[in-house]
Amino acid sequence: IIIFTDLDGTLLNQDDYRCDAALPVLKELQAKQIPVIPVTSKTRQEVETLRQELNLGDPFIVENGSAVFVPLDSKQFVLSAKIEREGYQLELLGCTYAQARQGLAAVATMLGERLRGFGDLSEQEIGQLTGLSEQEVKRAKAREFTEPFLTPDRVSQQQLQQAVEAKGFQVVVGDRFSHLIGSGAGKGKAVRWLVRHYRSPKAEEKLITVGLGNSPNDLAMLEAVDVPIVVPSAKAPHPGLMGRGWQVASAPGCQGWANAVVSVCDRLLA
Ligand code: 2M8
């Protein structure tokens, strides 16, 4: 089993970014050597901080599938990426942050709309919009591949998407922001890349992939796994993720995550 998981609103509660209810389950998974792979909009710095806090050692996917980081000491994943950087092998699917910034400016000009990205917002503004602390905002602003921006209300989602694609990028929608990402990036592609590089400890083991997410930007990841699980938001599951017959966790945030992971693992390992 491999567990691929979104962070905000999924493993982490949407409002306080905590994951207390999931801690015992994460321990259990570690003991069973079941990899837990973060697949998130967050930056490498944000994920590295969380990995330290949670004592996670597995690979991770940042900035909406722009890059896959495989620790150089990984035993469960084959090291075959081309770039080596600070203790990881790095598989790059997206673009650079400078390209994403230029892309957002080009889309804004095309639409005749002001589009405000993380690079345009002060640390204080991002803090107010997200509820992150000063230190956390700095890590969220340390972007390498993508630009989160305020979803414009005067432009339809379709118009935005068309303009973004005309400029050679993609747009995905997270919990609070839209994200401009490179044309080769995506949570689904990054998940499939890692699955191809999984080295099963037991040759005869049939790999089963589980994915958990709560936002439209998790769709591609959920489509790429064997067992997709939708974590509902505080009010209801996101409408874009419904009607597909996917399992919906019994509660929002980390409590729903924990309940769903325990029941799926019990079922798969029975
Ligand atoms: C952004 O990501 C979330 C994920 O769904 C969003 O779009 O609302 C990212 O910029 C991330 O780096 C940041 O930590 C998060 C904070 O809410 O917002």
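Here's what I pulled together on the structure shown here. (Residues numbered from 1 in each chain as written. Predicted model: local features only at pLDDT ≥ 70, side-chain atom pairs only at ≥ 80, totals over all residues. Heavy atoms only, no water.)

1. Re the overall build of the protein chain
Here is step 1: Helices and strands together make up the secondary structure of the protein chain, namely nine helices and twelve strands.
Here is step 2: Scaling as 2.2 N^0.38, a compact globule of 270 residues should have a C-alpha radius of gyration of about 18 Å, and the protein chain matches this with 18 Å.
Here is step 3: Considered along the principal axes of its C-alpha atoms, the protein chain spans approximately 55 × 45 × 35 Å.
Here is step 4: Residues counted as buried form 52% of the 270 residues belonging to the protein chain.
Here is step 5: Here the analysis covers contacts within the protein chain between residues at least 6 apart in sequence; of these, 61% occur between residues at least 24 apart.
Here is step 6: A total accessible area of about 12,300 Å² is found for the protein chain, and carbon and sulfur atoms account for 49% of it. (Helix = DSSP H or I, 4+ residues; strand = E, 2+ residues; numbered from the N terminus. Rg over C-alpha atoms; globule rule 2.2 N^0.38 Å. Buried < 20%, exposed > 50% of the residue type's maximum accessible area, 1.4 Å probe, protein only. Contact = heavy atoms within 4.5 Å. Areas by Shrake-Rupley, 256 points an atom, 1.4 Å probe, with all protein chains shown as cover.)

2. Thoughts on the packing of aromatic side chains
Here is step 1: Scanning the model with the defined rule gives five aromatic pairs in all.
Here is step 2: Seen from their ring centres, Phe60 and Phe69 are 5.1 Å apart, and the 10° between their planes marks the pair as stacked. There is no split in this pair, since Phe60 and Phe69 are both buried.
Here is step 3: Where Phe118 meets Phe177, the ring centres are 5.1 Å apart and the plane angle is 90°; that geometry is what we call edge-to-face. With Phe118 in the loop between helix H3 (97–111) and helix H4 (123–130) and Phe177 in the loop between strand E8 (169–173) and strand E9 (178–182), this pair connects stretches of sequence that are 59 residues apart.
Here is step 4: Of the residues examined, Phe177 reaches a relative accessible area of 8% and is grouped as buried.
Here is step 5: A network of ring pairs unites the aromatic residues Phe60, Phe69 and Tyr88 as a single cluster. (Phe/Tyr/Trp six-rings, centres within 6.5 Å; stacked < 30°, edge-to-face > 60°.)

3. Notes on the nonpolar core
Here is step 1: In this structure, Ile3, Leu11, Leu29, Leu212 and Trp257 are the most contacted members of the largest nonpolar core, which totals 36 residues.
Here is step 2: Looking at this core, the elements that each hand over two or more residues are helix H1 (23–31), helix H2 (44–54), strand E3 (60–62), strand E4 (67–71), strand E6 (88–92), strand E10 (209–213), strand E11 (227–230) and helix H9 (253–269).
Here is step 3: Per-element tally for this core: the top contributor is H9, with seven residues.
Here is step 4: Once residues within four sequence positions are removed from consideration, Leu212 is found in contact with Ile3, Phe4, Thr5, Asp6, Thr10, Met221, Leu222, Ile229, Val231, Trp257, Ala260 and Val261.
Here is step 5: With 23 residues, the next largest nonpolar core counts Ile61, Val68, Ala224 and Val230 among its residues. (Core = buried A, V, L, I, M, F, W, Y, C linked by side-chain atoms within 4.5 Å.)

4. Re the site of the ligand
Here is step 1: Taken together, 16 residues lie around the ligand, and Tyr17, Lys42, Glu46, Arg176 and His179 are the ones closest in.
Here is step 2: At 3.3 Å, a backbone N or O of Phe177 approaches an oxygen atom of the ligand.
Here is step 3: Protein contacts shield 99% of the accessible area of the ligand, which totals 410 Å² for the unbound molecule.
Here is step 4: A class-by-class count of the residues in the shell around the ligand yields six nonpolar, four polar and six charged. (Near = heavy atom within 4 Å. Polar contact = N/O pair within 3.5 Å; in protein donor to acceptor, adjacent residues only side chain to side chain. Nonpolar A, V, L, I, M, F, W, Y, C, P; charged D, E, K, R; others polar.)

5. Considering the pairing of strand E1 (residues 2–5)
Here is step 1: Burial of the side chains of E1 extends over both faces: Ile2 and Phe4 are buried on one face and Ile3 and Thr5 on the other.
Here is step 2: For the crossover that starts at E1, traverses H1 and ends in the parallel strand E2 (residues 36–38), the hand is right-handed. (Right-handed = clockwise from strand over helix to strand, strands pointing away.)

6. Here we look at the sheet that holds E6
Here is step 1: Pairing is antiparallel across the open sheet formed by four strands, whose spatial order is E3-E4-E6-E5. Since the sheet does not close on itself, it has two edges, and those belong to E3 and strand E5 (83–85), each with one partner. Each strand axis lies, on average, 30° off the axis of its neighbour in the sheet, ignoring direction.
Here is step 2: Of the strands in this sheet, E3, E4, E5 and E6 are in contact with H2, which crosses E3 at around 150°. (Pairing = 2+ DSSP bridges. Axes fitted to C-alpha atoms, helices over the stretch in contact; angles between N-to-C directions.)

7. Comments concerning the sheet that holds E8
Here is step 1: Strands sit in the order E7-E9-E8 across an open sheet of three strands; the sheet is antiparallel. Each edge of the open sheet is held by one strand with a lone partner, namely strand E7 (147–149) and E8. Within this sheet the neighbouring strands show an average axis-to-axis angle of 30°, counted without direction.
Here is step 2: Pairing analysis gives five bridges linking E8 to E9, with the strands arranged antiparallel. Its bridge partner being in E9, Gln170 is matched across the sheet by Ile181.
Here is step 3: Packed onto the sheet, H3 meets E7, E8 and E9 and runs at close to 35° relative to E7.
Here is step 4: Contacts between helix H6 (residues 157–166) and the sheet are confined to E7, E8 and E9, with E8 contributing the most and set at about 150° to the helix.

8. Structural notes on the side chain of Gln89
Here is step 1: Within the secondary structure, Gln89 sits in strand E6.
Here is step 2: A polar contact of 3.0 Å, which involves the side chain of Gln89, links it to the backbone nitrogen of Ser80.

9. What about the pairing of E4?
Here is step 1: Along E4, five of the five residues are buried, which leaves the element largely enclosed by surrounding structure.
Here is step 2: Burial along E4 is two-sided: Ala67, Phe69 and Pro71 and Val68 and Val70, pointing in opposite directions, are all buried.
Here is step 3: With three bridges connecting them, E3 and E4 associate as antiparallel partners. Looking at the pairing, Phe60 lines up with Phe69 of E4.
Here is step 4: The hairpin formed by E3 and E4 contains four residues between the paired strands, and Glu63 there has a positive phi angle of roughly 45°.
Here is step 5: Taken together, the five bridges between E4 and E6 define a ladder with antiparallel strand orientation. In the sheet register, Val68 faces E6, and the bridge partner there is Glu91.

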